Amino acid sequence: MASHKRLKSVVQSTAHHAVSALSFVHPHLGQACEKAGLDSIEIYVSEAEPCPARFLHIEPLRLALNSLKETFYGLVVTEGFEPQDIESAKMVFEFKHGQLDHYCSVCTVSLVSASKTYQSKVNYLGNTEQV
């Protein structure tokens, strides 16, 4: 098994990817959250369906979140782990509705493996923030 230190790399890379345009999560998630009156939302990529039930009808969002889940587990495998090594994985997206557009969010990724938690928080400019 790979060194668990490599999981910090997984959460950092996932957080960067999640706030980039490459993830295709934006602006769908920002628009859906604003419409629902949510300033933040938790996405559980360790679940079979990462898209929250209230947003399953938004096909581009559902597909983007499932793609983000695939990217996450691809990074896990690249770092030498198996998907079953991950106990849970959560992303929290935070938005500033009315101040920034729907492409701008902060994403905190939390991963639990072997009862140890790894976290990384990245803003829409690609800067790592303190968790």
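Rules of the game
- Residues numbered from 1 in each chain as written.
- Predicted model: local features only at pLDDT ≥ 70, side-chain atom pairs only at ≥ 80, totals over all residues.
- Heavy atoms only, no water.
- Helix = DSSP H or I, 4+ residues; strand = E, 2+ residues; numbered from the N terminus.
- Buried < 20%, exposed > 50% of the residue type's maximum accessible area, 1.4 Å probe, protein only.
- Areas by Shrake-Rupley, 256 points an atom, 1.4 Å probe, with all protein chains shown as cover.
- Lys, Arg positive; Asp, Glu negative; His and termini not counted.
- Charge placed at Lys NZ, Arg CZ, Asp CG, Glu CD.
- Patch = residues over 30% accessible without salt bridge, like charges linked within 9 Å, V, L, I, M, F, W, Y side chains within 5 Å.
- Salt bridge = Lys/Arg side-chain N within 4 Å of Asp/Glu carboxyl O.
- Pairing = 2+ DSSP bridges.
- Contact = heavy atoms within 4.5 Å.
- Axes fitted to C-alpha atoms, helices over the stretch in contact; angles between N-to-C directions.
- Core = buried A, V, L, I, M, F, W, Y, C linked by side-chain atoms within 4.5 Å.

Asks: Tell me about the overall build of the protein, residues and numbers included.
Replies: What the protein contains, in helices and strands, is three helices and five strands. From first element to last, N terminus to C terminus, the protein shows the α and β order α-α-β-α-β-β-β-β. Expressed along its principal axes, the backbone C-alpha trace of the protein runs to roughly 45 × 30 × 25 Å. Out of the 131 residues in the protein, the part that is buried amounts to 44%. Split by element, the accessible area of the protein, about 6,800 Å² in all, is 52% carbon and sulfur. Here the protein contributes 11 positive and 14 negative side-chain charges, whose respective centroids are spaced 5 Å apart.

Asks: Summarise a nonpolar patch on the surface; cite the residues concerned and give the values.
Replies: Together, Leu100, Tyr124 and Leu125 line one region of the surface with nonpolar side chains, adding up to about 280 Å² of accessible area. Tracing the backbone shows Leu100 in the loop between β2 (88-94) and β3 (106-113).

Asks: An account of the sheet that holds strand β4 (residues 116-123) is needed here, citing residue identities and associated values.
Replies: Taken together, the five strands give an open sheet; going across it, the order is β1-β2-β3-β4-β5, and neighbouring strands pair in antiparallel fashion. Edge positions in the sheet fall to β1 (40-44) and β5 (128-129), since each of these pairs with one other strand and no more. Pairing geometry for β4 and β5, over two bridges, is antiparallel. Within β5, the residue paired with Val122 across the bridge is Thr128. Contacts from helix α1 (residues 6-19) reach β2, β3, β4 and β5 within the one sheet, and its direction differs from that of β4 by about 30°.

Asks: Could you give an account of the nonpolar core, with specific residues and numbers?
Replies: Membership of the largest hydrophobic core comes to 34 residues, with the highest contact counts inside it found for Phe72, Met91 and Phe93. When residues of this core are traced back to their parent elements, those giving at least two are α1, α2 (28-36), β1, α3 (59-78), β2, β3 and β4. Considering every element that reaches this core, the biggest residue donor is α3, with seven residues. Beyond its immediate sequence surroundings of up to four residues, Phe93 is in contact with Ala18, Val25, His26, Leu29, Asp39, Ser40, Ile41, Ile43, Leu68, Ser105, Val106 and Cys107.

Asks: A description of unusual backbone geometry should follow, citing residues and the corresponding values.
Replies: With an omega of 0°, the peptide bond running from His26 to Pro27 counts as cis. As for its position among the elements, Pro27 is in the loop between α1 and α2. For Phe24, which is not glycine, the phi dihedral falls at a positive 65°. Despite not being glycine, Ser115 has its phi angle at roughly 60°, a positive value. Position of Ser115 relative to the elements: it lies in the loop between β3 and β4. Its relative accessible area of 66% is what places Ser115 among the exposed residues.

Asks: Any details on the pattern of salt bridges? Residues and values, ideally.
Replies: Summed over the entire model, instances satisfying the criterion amount to five salt bridges. Between Arg62 and Glu49 there is a salt bridge whose closest N-O contact spans 4.0 Å. A residue pair is termed long-range when its members are at least 10 positions apart, and Arg62 in helix α3 and Glu49 in the loop between β1 and α3 qualify at 13 residues. With a relative accessible area of 22%, Arg62 lands in the partly exposed category. Judged by relative accessible area, Glu49 falls into the partly exposed class, the value being 32%. A salt bridge links Arg62 to Glu59, with the nearest nitrogen and oxygen atoms 2.8 Å apart. Residue Arg62 and its partner Glu59 are located together in helix α3, separated by three residues, close to a single helical turn. The partly exposed category is assigned to Glu59, whose relative accessible area is 38%.

By themselves, these figures tell us nothing about what the structure is for.
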